[in-house]
Amino acid sequence: MKSSFEAAFPNITRWVKGFGTVEIGYDLGTDSFIRVIDEGGMPWSGKSRYETVDDAFQDFEQGIKATLGTHKPSPKSRVSAKPSRTTKTPVQRKRKPSDDSLPKQVRKLEEIVEAIRRKENVQVTRLTVVKKLCENPDAAGAFAMFLARKGQERLREKKGKERYRQLASRAVREMKAYLDEPSEDQKEGLWSLLWEIEGEQNEYESVRWGVVRNIKCWDLLIVEKALRTILKPEEAPHRLYQASRNYVGASIAFEKGSIPQIEEIARFWRRYYRGKA
């Protein structure tokens, strides 16, 4: 006898019955195939791709297990099994553009990975290609959301300070709402949130060459920089370049451990431009 879905996936069942919603289908903004949503934002998301849908649900079942322990049931929960707006039909997939149509900066990001694998001395400053990609306000906004969500995910995965996790979740939720439908009231709220986040790491130290800020949580700093670019788009190229460096985690030269993060950034931009084609 075949087992029921509820028996096979008890944690997923608990989530959809009492905690929040589920979205299935690749989403460019979150770079995930499957994710869960509640009133506080997106407490869990999976990988960008899986070999099978079964693999996605197995990952979901394990990933949501820890999340359930910190959540209270929501009276408004429901299941939303819908494809992302960026999901393409089989016919559309056959027509995706060639690499020649992608900005050269996207290919340069992938060249960085290849150079690291060849054990070349690759300086972190090569990430400046991100600046050019972020000159377009819409692209910068999408990338800011991507980085903010990555910061949020890492805070959750590392079981970071509860206060930091709460601030990151608020930032992701309110940034998305503002980008979807901007208003002055929302903008004022984002400014207040930015000052609140900055206040968590507002200690400075005098050194021989000037003053430096003491950063306790780099993942929260990524969220902070992404949020600031939403409020001050003219700063997006520089701020998002800095946030990218913080996400990759290298200071002078890239190492092998930087490859997964650079690949994620390159994959985001590749999918962003293919989605626009």
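A brief look at the structure comes next. Source: prediction; values computed, not measured. (Residues numbered from 1 in each chain as written. Predicted model: local features only at pLDDT ≥ 70, side-chain atom pairs only at ≥ 80, totals over all residues. Heavy atoms only, no water.)

**Comments concerning the packing of aromatic side chains**
The test is simple: Any Phe, Tyr or Trp ring, taking Trp's six-membered ring, that has another such ring centre within 6.5 Å forms a pair; planes under 30 degrees apart are called stacked, those over 60 apart edge-to-face, and the others tilted. Only runs of H or I of at least four residues qualify as helices and only runs of E of at least two qualify as strands under DSSP, and these elements are numbered from the N terminus. With a 1.4 Å probe rolled over the protein chains alone, any residue whose accessible area is under 20% of its type maximum counts as buried; one over 50% counts as exposed, and the rest are partly exposed.
Tallied over the entire structure, the rule returns 16 aromatic pairs. Ring centres 5.9 Å apart and planes at 35° place the aromatic pair tryptophan 191 and tryptophan 195 in the tilted group. With tryptophan 191 and tryptophan 195 both in helix α9 (residues 184-199) and four residues apart, this pair spans about one turn of that helix. Residue tryptophan 191 is classed as partly exposed on the basis of its relative accessible area of 23%. Pairing tyrosine 272 with tyrosine 273 gives two aromatic rings, centres 5.2 Å apart and planes at 90°, and the pair type is edge-to-face. The exposure class of tyrosine 272 is buried, given its relative accessible area of 7%. Tyrosine 273 sits in the partly exposed class, given a relative accessible area of 23%.

**Some points on the packing of helix α11 (residues 236-248) against helix α12 (residues 259-276)**
Heads up, the condition is: Throughout, an axis means a line fitted to C-alpha atoms (over the contacting stretch in the case of helices), and angles, computed between N-to-C directions, take values from 0 to 180 degrees. Throughout, the term roughly parallel applies to angles under 35 degrees, roughly antiparallel to angles over 145, roughly perpendicular to angles from 65 to 115, and oblique to all others. Throughout, a residue-residue contact means that at least one pair of heavy atoms, one from each residue, lies within 4.5 Å. Gly counts as polar in this scheme, as do all residues outside two lists: the nonpolar Ala, Val, Leu, Ile, Met, Phe, Trp, Tyr, Cys and Pro, and the charged Asp, Glu, Lys and Arg.
One way to put it is that α11 packs onto α12 with a least axis distance of 8 Å and a crossing angle of 140°. Here α11 is positioned oblique relative to α12, judged by the angle of their axes. Side by side, α11 and α12 meet where Ser244, Tyr247 and Val248 of the first sit next to Gln261, Ile262, Glu264 and Ile265 of the second. Across the contact of α11 with α12, the residue classes break down as four nonpolar, two polar and one charged.

**Overview of the nonpolar core**
For clarity, the threshold we go by: Remark: nonpolar core denotes a set of buried residues (Ala, Val, Leu, Ile, Met, Phe, Trp, Tyr, Cys) joined through side-chain atoms within 4.5 Å.
Counting residues in each nonpolar core, the largest one holds 57 residues, and the members touching the most others are Leu109, Phe143, Met175, Phe254 and Trp269. Among the secondary structure elements, those contributing two or more residues to this core are α5 (104-117), α6 (129-133), α7 (137-157), α8 (162-180), α9, α10 (218-231), α11 and α12. At nine residues, α7 tops the list of elements feeding residues into this core. Residues contacting methionine 175, with those up to four places away along its chain left out, are Ala144, Met145, Ala148, Leu190, Ala226, Leu227 and Ile230. Phe9, Val16, Phe19 and Phe60 belong to the second largest nonpolar core, which has 15 residues in total.

**Let's talk about α11**
Formally: Take the residue count of a helix, subtract one, and multiply by 1.5 Å to get its expected span.
Compared with an ideal rise of 1.5 Å per residue, which puts 13 residues at 18 Å, α11 spans 18 Å between its outermost C-alpha atoms and is within 8% of the ideal. Burial in α11 covers these residues: Ala236, Pro237, Leu240, Tyr241, Ala243, Ser244, Asn246, Tyr247 and Val248. Looking at the buried side of α11, the elements it contacts are α6, α7, α10 and α12. Within two residues after α11, glycine 249 carries a phi angle of roughly 90°, on the positive side.

**What about the pairing of strand β4 (residues 204-207)?**
Two faces belong to every sheet, and in a regular strand the side chains alternate between them. Inclusion rule: Strands are labelled as partners when DSSP assigns at least two bridges between them.
Pairing geometry for β4 and strand β5 (residues 210-213), over four bridges, is antiparallel. Across the sheet, residue valine 207 finds its bridge partner in β5, namely glycine 210. Between β4 and the antiparallel strand that follows it, β5, lie two residues.

**Thoughts on α5**
For α5, which comprises 14 residues, the first-to-last C-alpha distance of 20 Å matches the rise-based estimate of 20 Å (1.5 Å per residue) to within 8%. Among all positions of α5, only Gln105, Val106, Leu109, Ile112, Val113, Ala115 and Ile116 are buried. On its buried face, α5 is in contact with α6 and α12. Two residues or fewer after α5 comes lysine 119, characterised by a positive phi angle close to 65°.

**Details of the pattern of salt bridges**
Put simply, the rule reads: When a carboxyl oxygen of Asp or Glu is within 4 Å of a side-chain nitrogen of Lys or Arg, the pair counts as a salt bridge.
With the rule as written, the count across this model stands at 20 salt bridges. Among the salt bridges present, the one from glutamate 6 reaches lysine 17, with a minimum N-O distance of 3.2 Å. Of this pair, glutamate 6 sits in helix α1 (residues 5-8) while lysine 17 sits in helix α2 (residues 10-18), and the two are eleven residues apart along the sequence. Glutamate 6 sits in the partly exposed class, given a relative accessible area of 44%.

**Overview of the environment of leucine 127**
Here leucine 127 is to be found in the loop between α5 and α6. For leucine 127, a relative accessible area of 0% gives the class buried. Between the C-alpha atoms of leucine 127 and serine 244, which are 117 residues apart in sequence, the distance is 7.7 Å. In this structure, leucine 127 is in contact with Leu109, Ile112, Tyr241, Ser244, Arg245, Val248 and Phe254, ignoring residues within four places of it in sequence.

**Details of the packing of α9 against α10**
Stated formally: By definition, any crossing whose near helix is turned counterclockwise from its far helix by less than a right angle is left-handed, and any crossing with a clockwise turn is right-handed.
Two elements in contact, α9 and α10, have axes whose closest approach is 10 Å; the angle formed by their N-to-C orientations is 150°. Accordingly, the angle class assigned to the pair α9 and α10 is roughly antiparallel. For the pair α9 and α10, the crossing hand works out as left-handed. Between α9 and α10, the residues in contact are Lys187, Leu190, Trp191, Leu193, Leu194, Ile197 and Glu198 and Leu220, Val223, Glu224, Leu227, Arg228, Ile230 and Leu231, respectively. Of the residues that constitute the contact of α9 with α10, the class distribution is ten nonpolar, no polar and four charged.

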